[in-house]
Amino acid sequence: MNSPAITIDGLTKRFGAVTAVDDLSFTVAPGRVTGFLGPNGSGKTTTLRMLLGLVEPTAGRALIGDRPYLQIRRPAQEVGAALEASSFHPGRTGLGHLTTLAPQVGVSKARCREMLDFVGLTAAADRRVGGYSMGMRQRLGLATALLGDPGVILLDEPANGLDPQGIVWLRGLLRSLAHEGRTVLLSSHVLAEVRSTVDDVVVISNGRLVRASTLTEFEDLAVHAVGVRTPSPASFVALARERHWRIEDAPGGFRIHGVDTATVGSAAFGAGIELHELTDAGADLETVFLQLTGSATPSMGAVR
Ligand SMILES: Nc1ncnc2c1ncn2[C@@H]1O[C@H](COP(=O)(O)OP(=O)(O)OP(=O)(O)O)[C@@H](O)[C@H]1O
């Protein structure tokens, strides 16, 4: 196995009485997209800021390769980061923002134009960033992160503000960066948003690690669900009780957890219950995420 591109080791950050990050340890592999997931306020941004040497840890280490960020000699060529979409000088143009950074990154103005083109901002290159939409700022943040052609890319909620086409575009872009062997770590508080983008997931809650695994392993935790529509709901509910299925009301029918379509179909057939719809509702990944992070709420629907 490749040695980790990022190592978080016993990392802790306290702000007065608030423990933002609490003895956190995980690694991030190169050539993969890793989703750094957790509810609002769980410590994702603080962790990324410690990785970038912007916040000093109370304890523990955050390493890029084998060293802390502040010990990297030419950091922009090793690590690119987009932490907050709003931290641009509003009076500068998109191109002006990149060309201001170019000397310290060690790249030419041509590279700045190339990166603006890469993120789809050529038409807005000479407009002031103050007038950019949230999605345009995200794109500019990405261009900034990629300016030095870094091997490690850290992105804080990069899909925020992007329209659906933008999200598809971002997904393709991140996948191709990982395919080139780069390390991509992106934070999000919405698992569904990154589900089709990431290979690995690191889930945190209250600053602590909840789970670090491949997405596939994470999906295995999820209970599959089956959707059913029937003209005989009372008989179907009786069947579900008899079989000890976990069943809940869903629009126009029911949702049954922890069984597959074949089991439900043959049981209904055996009981003489007509079904008008029998669908695989997929793995209920969001529920697993909410349960693991302790952010499940009663509004998720009553289960019978
Ligand atoms: N500079 C600071 N001073 C005091 N408390 C802070 C500071 N920065 C972060 N915190 C606190 O640390 C905790 C973690 O915040 P952080 O921004 O890292 O979470 P997050 O997971 O990135 O949240 P979000 O998804 O909302 O961006 C929160 O309780 C936050 O209020």
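Just so you know, these numbers come straight off a predicted model, no measurement behind them.

Cut-offs and rules
Residues numbered from 1 in each chain as written. Predicted model: local features only at pLDDT ≥ 70, side-chain atom pairs only at ≥ 80, totals over all residues. Helix = DSSP H or I, 4+ residues; strand = E, 2+ residues; numbered from the N terminus. Contact = placed C-beta atoms within 7 Å. Core = buried A, V, L, I, M, F, W, Y, C linked by C-beta atoms within 7 Å. Buried ≥ 20, exposed ≤ 12 C-beta atoms within 10 Å, placed from the backbone. Domains from an automatic or database assignment. Pairing = 2+ DSSP bridges. Axes fitted to C-alpha atoms, helices over the stretch in contact; angles between N-to-C directions. Right-handed = clockwise from strand over helix to strand, strands pointing away. Near = placed C-beta within 6 Å. Nonpolar A, V, L, I, M, F, W, Y, C, P; charged D, E, K, R; others polar. Parallel < 35°, antiparallel > 145°, perpendicular 65-115°, else oblique. Left-handed = near helix turned anticlockwise from the far one by under 90°.

Participant: Hey, could you run me through the overall build of the chain in this one?
Facilitator: Helices and strands together make up the secondary structure of the chain, namely 10 helices and 13 strands. The C-alpha extent of the chain, read off along each of the three principal axes, is 75 × 45 × 40 Å. Contacts in the chain between residues at least 24 apart in sequence constitute 71% of all its contacts with a sequence separation of at least 6.

Participant: Explain the nonpolar core to me, please; I cannot follow it from the model alone.
Facilitator: A general trend in soluble globular proteins is that nonpolar side chains are found buried together. Counting residues in hydrophobic clusters, the biggest one holds 61 residues, and the most contacted among them are A143 and L154. It is helix α4 (residues 134-146) that provides the largest number of residues to this core, a total of six residues. Filtering out sequence-adjacent residues up to four positions away, A143 remains in contact with L98, M115, L116, F118, V119 and L121. Among the nonpolar cores identified, the runner-up in size contains 12 residues, and V226, F236, I256 and A268 belong to it.

Participant: I tried to follow the domain arrangement of the chain on my own but got confused; where do I start?
Facilitator: Much of the literature gives interface size as the accessible area that the parts lose upon coming together. For the chain, the domain assignment lists domain 1 (6-220) and domain 2 (223-283). Once you take the C-alpha centre of each, domain 1 and domain 2 turn out to be 43 Å apart.

Participant: Can you walk me through the sheet that holds strand β3 (residues 33-37) in this structure?
Facilitator: Hydrogen bonds along the backbone pair up the strands of a sheet, which may run parallel or antiparallel. Strands sit in the order β5-β6-β7-β3-β8-β9 across an open sheet of six strands; the sheet is mixed. In the strand order of this sheet, the two ends are held by β5 (79-82) and β9 (208-214), each with one partner. Across the sheet, the mean angle separating the axes of adjacent strands is 15° when strand polarity is ignored. Two elements, β3 and strand β7 (residues 183-188), share five bridges in a ladder whose sense is parallel. When the bridges of β7 are listed, T34 appears paired with L185. Most of the contacts of helix α1 (residues 44-51) go to strand β6 (residues 152-156), to which it runs at about 150°, and overall it touches β3, β6, β7 and β8 (200-205). On top of the sheet, helix α5 (residues 164-179) reaches β3, β6 and β7; it is set at about 145° to β7, its chief contact.

Participant: Just checking my understanding: could you explain the pairing of β7 for this structure?
Facilitator: Working note: regular strand, side chains alternate between the two faces of the sheet. The buried count for β7 comes to six of six residues, which makes it a mostly enclosed element. The side-chain alternation of β7 yields two buried faces, one formed by T183, L185 and S187 and the other by V184, L186 and S188. Alignment of β6 against β7, held across five bridges, turns out to be parallel. Along β7, the bridge assignment pairs L155 with L186. Tracing the backbone out of β6, into α5 and back to the parallel element β7 gives a crossover that is right-handed.

Participant: How should unusual backbone geometry be read in this particular structure?
Facilitator: What is expected of a backbone is that most residues other than glycine have negative phi and most peptide bonds are trans. Look at D23: it is not a glycine, yet its phi comes out positive at around 50°. Phi at H244 is positive, roughly 60°, even though this residue is not glycine. Mapped onto the elements of the fold, H244 is located in the loop between α8 (233-243) and β11 (246-250).

Participant: Whenever I open this one, the pairing of β11 confuses me. Can you help?
Facilitator: In this sheet, strand β12 (residues 253-257) lies alongside β11 in antiparallel orientation, the contact comprising five bridges. Its bridge partner lying in β12, A250 is registered against G253. As consecutive antiparallel partners, β11 and β12 are separated by two residues, and within that stretch G252 has a phi angle of approximately 75°, a positive value.

Participant: Looking at this model, I keep getting lost on the site of the ligand. Mind explaining?
Facilitator: All residues in the neighbourhood of the ligand are listed as F15, V18, A20, G38, N40, G41, S42, G43, K44, T45, T46 and H189. Mapped by element, the contributors of at least two residues to the shell around the ligand are β2 (18-28) and α1. Per element, the largest residue contribution to the shell around the ligand is three residues, and it comes from α1. Partitioning the shell around the ligand into residue classes produces three nonpolar, eight polar and one charged.

Participant: Explanation requested: α1 in the structure shown.
Facilitator: Each full turn of the α-helix corresponds to 3.6 residues, which orients residues three or four apart in the same direction. Of all eight residues in α1, seven are buried; the element is thus mostly enclosed. All of the buried residues in α1 are K44, T46, T47, L48, R49, M50 and L51. Note on α1: the residue one or two positions beyond its end, G53, has a positive phi of about 70°.

Participant: Help me understand the packing of helix α2 (residues 94-105) against α4, please; the structure alone is not making it clear to me.
Facilitator: Each packed pair of helices is defined by two parameters, the angle between the axes and the distance between the axes. Viewed as axis vectors pointing N to C, α2 and α4 meet at an angle of 20°, and their least axial separation amounts to 11 Å. Classified by the interaxial angle, the pair formed by α2 and α4 is roughly parallel. For the pair α2 and α4, the sense of crossing is right-handed. Contacts between α2 and α4 involve G94, H97, L98 and L101 from the first element and L140, A143 and T144 from the second. Of the residues in the contact of α2 with α4, the class split is four nonpolar, three polar and no charged.

Participant: What is the right way to look at the environment of G10 in this model?
Facilitator: Position of G10 among the secondary structure elements: in strand β1 (residues 6-15). Taking C-alpha positions, G10 is 36 Å from M115, a pair spaced 105 residues apart along the chain. Beyond its immediate chain neighbours, meaning those up to four positions away, G10 contacts D23, S25, A59 and G60.

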